[in-house]
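Observations on chain architecture
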Amino acid sequence: MAATQPFDDRDGFIWMNGQLIPHRDAKVHILTHALHYASSVFEGERVYDGEVFKLTEHSARLAESARLLGFKLPYSVAEIDKATRDVVAANKIVDGYVRPIAWRGSEMMGVSAQAARINVAIATWVWPSYFTPEARMKGIRLQISDWKRPSPETIPCRSKAAGLYMICTLSKHKAEAEGYDDALMYDWRGLIAEATGANVFFIKDGTIHTPTPDCFLDGITRRAVIGLAQARQMKVIERAIKPEEMADFSECFLTGTAAEVTPVSEIGQYRFTPGKISKTLMDDFTALVRRKKAA
Ligand code: PMP
């Protein structure tokens, strides 16, 4: 991985517990509950032309993720929205990324932490889209992960909780070490679930198929792209998809805040040819996120 400026050693501001503070001062103690017991939820958002795409949906998901982990954010969704706009403006971000996070603090140490403070911080950094549409159309290569998305009765799987990313990091590290870009994860039943930080779509005979998000994140980008496809009268089917069906799909792409719409050329033994539908939705997504500029 290319080394970048460490994330704790940057200029600018981070919004933390109600205040904008210098970026380097946004610290937690080593005895923070979240660090030991994963009592932390977060969001990943993108700024396009100075505006956060689907901001309120992300702020609402942060609150819902916290609720699923048994805690309540000390700020309303509207307050989180405002704090996000403030931190983006304070850092003069035009094209960038936003990382809100909420976590249990260091007032209690042990599995039980009923009285631990709930902290909230929002960081942001410059992050333009690096790849041209032409480069993206080559498609990325995915390995199939050995790790499975857990069943809803083993973990609060609809929460964007830090703990759910343990198997994502393991999967992505193995994929990268073996020359792939990312990994596709099956679920506990052996059905296709998602990539390590993005949802997956397939195309067959002009119809779009995507797994029902019943044990993994129903991405905000996923929903936006389904809307774009439907606006073009394309048929989108959400259903259980078996791995062996990948042999019959012609195109495949990922969706996510970071991935946007990224065509896939390879998943394990299966091959796809990024084509017209992927390109159309990639272009429609770019137009959607940049619509203010175009208007
Ligand atoms: N699945 C996982 C595991 C993710 O981390 C993400 C990124 N947040 C997604 C799906 C896509 O979600 P979104 O489109 O809301 O970014």
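Preceding block: the structure.
Residues numbered from 1 in each chain as written. Predicted model: local features only at pLDDT ≥ 70, side-chain atom pairs only at ≥ 80, totals over all residues. Heavy atoms only, no water.

Summed over all chains, the structure comprises 24 salt bridges. Its salt-bridge partner being E57, residue K54 comes within 4.0 Å of it at the nearest N-O pair. Given the relative accessible area of 33%, E57 is considered partly exposed. Residues participating in the shared-partner salt-bridge network are K54, E57, D218, R222, R223 and E238. (Salt bridge = Lys/Arg side-chain N within 4 Å of Asp/Glu carboxyl O. Buried < 20%, exposed > 50% of the residue type's maximum accessible area, 1.4 Å probe, protein only.)

Residue N17 is not a glycine yet carries a positive backbone phi of 50°. Tracing the chain through its elements places N17 in the loop between β1 (13-16) and β2 (19-22). Taking the relative accessible area as the measure of exposure, N17 reaches 18% and is therefore buried. Although it is not a glycine, D205 adopts a positive phi angle of roughly 50°. As for its position among the elements, D205 is in the loop between β11 (199-204) and β12 (207-211). (Helix = DSSP H or I, 4+ residues; strand = E, 2+ residues; numbered from the N terminus.)

Turning our attention to the packing of aromatic side chains. One pass over the full model with this rule turns up ten aromatic pairs. Taken together, a centroid distance of 4.8 Å and an interplanar angle of 65° make the contact between F7 and W125 edge-to-face. Here F7, found in the segment before β1, pairs with W125, found in strand β7 (residues 118-126); they are 118 residues apart in sequence, far enough to count as distant. Taking the centre distance of 5.2 Å and the plane angle of 35° together, the rings of Y97 and W125 count as tilted. Highlighted residues: Y97 in strand β6 (residues 96-104) and W125 in strand β7, separated in sequence by 28 residues. (Phe/Tyr/Trp six-rings, centres within 6.5 Å; stacked < 30°, edge-to-face > 60°.)

Here S65 is to be found in helix α2 (residues 55-68). Apart from residues lying up to four places away in sequence, S65 is in contact with V41, S159 and K160. (Contact = heavy atoms within 4.5 Å.)

One way to put it is that helix α6 (residues 220-231) packs onto helix α7 (residues 276-289) with a least axis distance of 10 Å and a crossing angle of 110°. Here α6 lies roughly perpendicular to α7, going by the angle between them. When α6 is examined against α7, the residues T221, A224, V225, L228 and A229 are found in contact with a partner set consisting of L281, D284, F285 and L288. Its residues assigned to classes, the contact of α6 with α7 comprises seven nonpolar, one polar and one charged. (Axes fitted to C-alpha atoms, helices over the stretch in contact; angles between N-to-C directions. Parallel < 35°, antiparallel > 145°, perpendicular 65-115°, else oblique. Nonpolar A, V, L, I, M, F, W, Y, C, P; charged D, E, K, R; others polar.)

Turning to the nonpolar core, a few remarks are in order. Soluble globular proteins tend to pack their nonpolar side chains together in the buried interior. Grouped together as the largest cluster of nonpolar side chains are 22 residues, with contacts concentrated most on V41, F71, L73 and I122. Sorting the residues of this core by element identifies α2, α3 (77-90), β6 and β7 as the ones contributing at least two each. Here the element with the most residues in this core is α3; it accounts for four residues. Dropping the residues within four chain positions of it, V41 is found in contact with L62, S65, A66, L69, F71, P100, I101, A102, S159, K160 and A161. One finds M137, A229, M282 and F285 within the second-largest nonpolar core, a separate group that totals 20 residues. (Core = buried A, V, L, I, M, F, W, Y, C linked by side-chain atoms within 4.5 Å.)

This part takes up α3. A rise of 1.5 Å per residue sets the reference length of α3, with its 14 residues, at 20 Å; its end C-alpha atoms lie 20 Å apart and thus fit the reference within 8%. Listed in full, the buried residues belonging to α3 are I80, D81, A83, T84, V87 and V88. Buried residues of α3 fall within an arc of 165° about the axis and therefore sit on the same side. Within α3, the exposed residues directed more than 90 degrees away from the buried face are A78, K82, R85 and A89. (Expected span 1.5 Å × (residues − 1). Arc of directions from axis to C-beta.)

To continue, consider the site of the ligand. By nearness alone, 14 residues border the ligand, and Y165, E194, I220, T221 and T257 come closest of all. Between the ligand and K160 there is a distance of 2.9 Å, counted from a nitrogen atom to a side-chain nitrogen or oxygen. Within the side chain of T221, one N or O atom sits 2.6 Å away from an oxygen atom of the ligand. When the ligand is considered free in solution it has 380 Å² of accessible area, and contact with the protein chains removes 94% of it. (Near = heavy atom within 4 Å. Polar contact = N/O pair within 3.5 Å; in protein donor to acceptor, adjacent residues only side chain to side chain. Areas by Shrake-Rupley, 256 points an atom, 1.4 Å probe, with all protein chains shown as cover.)

A word on the state of the cysteines. In total, this model carries zero disulfides according to the counting rule given. Free of any disulfide, C157 has its nearest cysteine sulfur in C215, 5.9 Å distant. Judged by its relative accessible area of 8%, C157 falls in the buried class. Unpaired in this structure, C168 has its nearest cysteine sulfur neighbour in C215, at a distance of 12 Å. Since its relative accessible area comes to 5%, C168 is described here as buried. (Disulfide = S-S within 2.5 Å.)

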